[in-house]
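Below are the chains, spelled out letter by letter.
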Amino acid sequence: QVQLVESGGGLVQAGGSLSLSCAASGSRLSFNVMGWYRQAPGKRRELVASINSTGTTTYADSVKGRFTISRNNGKNTVDLQMNSLKPEDTSIYYCNAYNMYLIQYWGQGTQVTVSS
């Protein structure tokens, strides 16, 4: 059974930094893409950043220049370094991964709260 386990998150003041980590286990296949999504109350889940197996990254416009995604293919981990955090970054952040058959997996989510 594939599991994505997130760690990190928490409460930080505006302008501060947080780091999220996600470790995937239980998959016989490698993940083509790993990434992070977020969902605030009353809003749709949105892509924050993703990275494929060759290191190509994609970022939401709202986080470009502030967030950095990285992954370790050997360990099946993906990290998100978040700098210059803003109150509007407050959300539940979800780790996401999918394999060559486009089967998606989600973590349980971790709360990030940025106070003004």
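Refer to the structure presented above.
To start, this report covers the structure provided alongside it.

Scoring rules and cut-offs
Residues numbered from 1 in each chain as written. Predicted model: local features only at pLDDT ≥ 70, side-chain atom pairs only at ≥ 80, totals over all residues. Heavy atoms only, no water. Helix = DSSP H or I, 4+ residues; strand = E, 2+ residues; numbered from the N terminus. Buried < 20%, exposed > 50% of the residue type's maximum accessible area, 1.4 Å probe, protein only. Contact = heavy atoms within 4.5 Å. Pairing = 2+ DSSP bridges. Core = buried A, V, L, I, M, F, W, Y, C linked by side-chain atoms within 4.5 Å. Phe/Tyr/Trp six-rings, centres within 6.5 Å; stacked < 30°, edge-to-face > 60°. Lys NZ or Arg CZ within 6 Å of the ring centre and 35° of its normal.

### Considerations on the environment of Q108
Secondary-structure assignment places Q108 in the loop between β10 (104-106) and β11 (110-115). Q108 gets classed as exposed once you look at its relative accessible area, which sits at 51%. Along the primary structure Q108 and L29 are separated by 79 residues, whereas in three dimensions their C-alpha atoms are 21 Å apart. With near-sequence residues (within four places) excluded, Q108 lies in contact with L4, V5, E6 and Y94.

### With respect to the pairing of strand β3 (residues 18-25)
The alternating pattern of β3 places L18, L20, C22 and A24 on a buried face, while none of S19, S21, A23 and S25, on the opposite face, is buried. Relative to strand β8 (residues 77-82), β3 runs antiparallel, the two being bridged by 6 bridges. Counted as the bridge partner of L18 is M82 from β8.

### Digging into the nonpolar core
The tendency in soluble globular proteins is for nonpolar side chains to be buried as a group. W36, V48, F67, V78, L80, M82 and Y93 are the most contacted members of the largest nonpolar core, which has 26 residues in total. Looking at this core, the elements that each hand over two or more residues are β3, β4 (31-39), β5 (46-52), β7 (67-72), β8, β9 (91-99) and β11. The leading source of residues in this core is β3, at 4 residues. Other than its neighbours up to four places away in sequence, V48 contacts W36, Y37, R38, T58, Y59, A60, V63, F67, L80 and Y93.

### Considerations on the packing of aromatic side chains
Under the counting rule described, the total for this entry stands at 2 aromatic pairs. When the ring of Y37 is compared with that of W106, the centres are 5.0 Å apart and the planes differ by 70 degrees; the resulting orientation is edge-to-face. Residue Y37 is found in strand β4, and its partner W106 is found in strand β10; the two are separated by 69 residues along the sequence. Note on Y37: relative accessible area 21%, which makes it partly exposed. Taking the ring centre of Y94 as reference, the NZ or CZ of R45 above it sits at 3.7 Å. For the cation-ring pair, R45 lies above W106, with the distance from its terminal atom to the ring centre recorded as 4.6 Å.

Keep in mind these numbers describe shape, not what the thing actually does.
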